[in-house]
Amino acid sequence: MDQLEDIRARIAQSARIAGRQPGAVELVAISKTHAAEAIEPLLAAGQRVFGENRVQEAQEKWLPLREAYPDVKLHLVGQLQSNKAEDAVALFDCIHSVDRPSLVTALGKAMEKAGRQVPCFIQVNIGAEEQKGGCAIAEVPALLASAREAGLPVIGLMCVPPFDIEAAPFFALLAKIAADNGLEQLSMGMSDDFETAVLLGATHVRVGSALFGSRQKK
Ligand SMILES: *Cc1c(COP(=O)(O)O)cnc(C)c1O
């Protein structure tokens, strides 16, 4: 699987430049919109961490795939509706998109009911874009406090910077906010900018099109 080897090598190279261990960066292969046939080559090549952005699509695709590959870890990277919190907690091993108090409450209840603690990132609207998901920068401390109170294991911060502008300043800002709040993990960097993200401390990069080719338009 050439693309996978290429992405892994570039992550490792960026980590080395930054004086970090390549193993400190998790590659989350974003398989949204791609069918099982497109995912199989990555599984065969040893990739085990995948990301999806819709609960129902992920259930349909991964419940069968997981029978063959029980050690797969699934990450949710898309906006989550509170009424899907129970399904999300049952299916995913990590949730990157906790962004509002109502979702914190729903996830807290779902985790308690399921007896399952799913590590979470708080998604930050790092470019203060109106249409984008994520909590406002100023709201991070309060949302983090309520998430902890609700029993969510919050491990770090996640962002999707504004499109078509240099991402580095936004990655650096996310890293600073995380450090200020005592959080160690950073979910940042996608196909076009994951190397920059690794240089600036990303612990999780979310790479889709560079692994799978472009997504089919719906
Ligand atoms: C689709 C998606 C990605 C992957 O984007 P690519 O540019 O295809 O690598 C990463 N993060 C989120 C939140 C996404 O929705």
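Fair warning: this is a prediction, and the values are worked out from it, not measured in the lab.

Rules used throughout
- Residues numbered from 1 in each chain as written.
- Predicted model: local features only at pLDDT ≥ 70, side-chain atom pairs only at ≥ 80, totals over all residues.
- Heavy atoms only, no water.
- Helix = DSSP H or I, 4+ residues; strand = E, 2+ residues; numbered from the N terminus.
- Rg over C-alpha atoms; globule rule 2.2 N^0.38 Å.
- Contact = heavy atoms within 4.5 Å.
- Areas by Shrake-Rupley, 256 points an atom, 1.4 Å probe, with all protein chains shown as cover.
- Lys, Arg positive; Asp, Glu negative; His and termini not counted.
- Charge placed at Lys NZ, Arg CZ, Asp CG, Glu CD.
- Core = buried A, V, L, I, M, F, W, Y, C linked by side-chain atoms within 4.5 Å.
- Buried < 20%, exposed > 50% of the residue type's maximum accessible area, 1.4 Å probe, protein only.
- Arc of directions from axis to C-beta.

**Student:** Would you mind showing me how to read the overall build of the chain here?
**Tutor:** When helices and strands are counted, the chain shows nine helices and eight strands. Here the C-alpha atoms of the chain give a radius of gyration of 17 Å, agreeing with the 17 Å that 2.2 N^0.38 yields for 218 residues. When the backbone C-alpha atoms are referred to their principal axes, the chain occupies close to 45 × 40 × 35 Å. Excluding contacts between residues fewer than 6 apart, the proportion of contacts in the chain whose partners are at least 24 apart in sequence is 60%. Of the roughly 10400 Å² of accessible surface on the chain, a fraction of 50% belongs to carbon and sulfur atoms. When the 22 basic and 27 acidic side-chain charges of the chain are each reduced to a single mean position, those positions are 2 Å apart.

**Student:** Explanation requested: the nonpolar core in the structure shown.
**Tutor:** As a rule of thumb, soluble globular proteins bury nonpolar side chains together. In this structure, F50 and L107 are the most contacted members of the largest nonpolar core, which totals 64 residues. A per-element tally of this core places helix α5 (residues 101-114) first, with six residues. Other than its neighbours up to four places away in sequence, L107 contacts L80, A85, V89, I95, V98 and L152.

**Student:** I would appreciate a short explanation of the environment of L143 in the present structure.
**Tutor:** Inspection of the secondary structure puts L143 in helix α6 (residues 140-149). Residues L143 and R100, spaced 43 residues apart in sequence, show a C-alpha to C-alpha distance of 7.0 Å. Each residue touching L143, except ones within four places of it in the same chain, is listed here: V98, D99, R100, P101, V104, I122 and C135.

**Student:** Explain α6 to me, please; I cannot follow it from the model alone.
**Tutor:** Because an α-helix completes one turn every 3.6 residues, residues spaced three or four positions apart along the sequence face the same direction. If you check which residues of α6 are buried, you get V140, L143, L144 and A147. Projected down its long axis, α6 carries its buried residues within an arc of 100°, all on one side. Facing away from the buried side of α6 by over 90 degrees, the exposed positions are A142 and E149. Turning to α6, the residues buried within the fold contact β4 (94-98), α5, β5 (120-124), β6 (154-159) and α7 (168-180). Count one or two residues on from α6 and you reach G151, which has phi positive near 90°.

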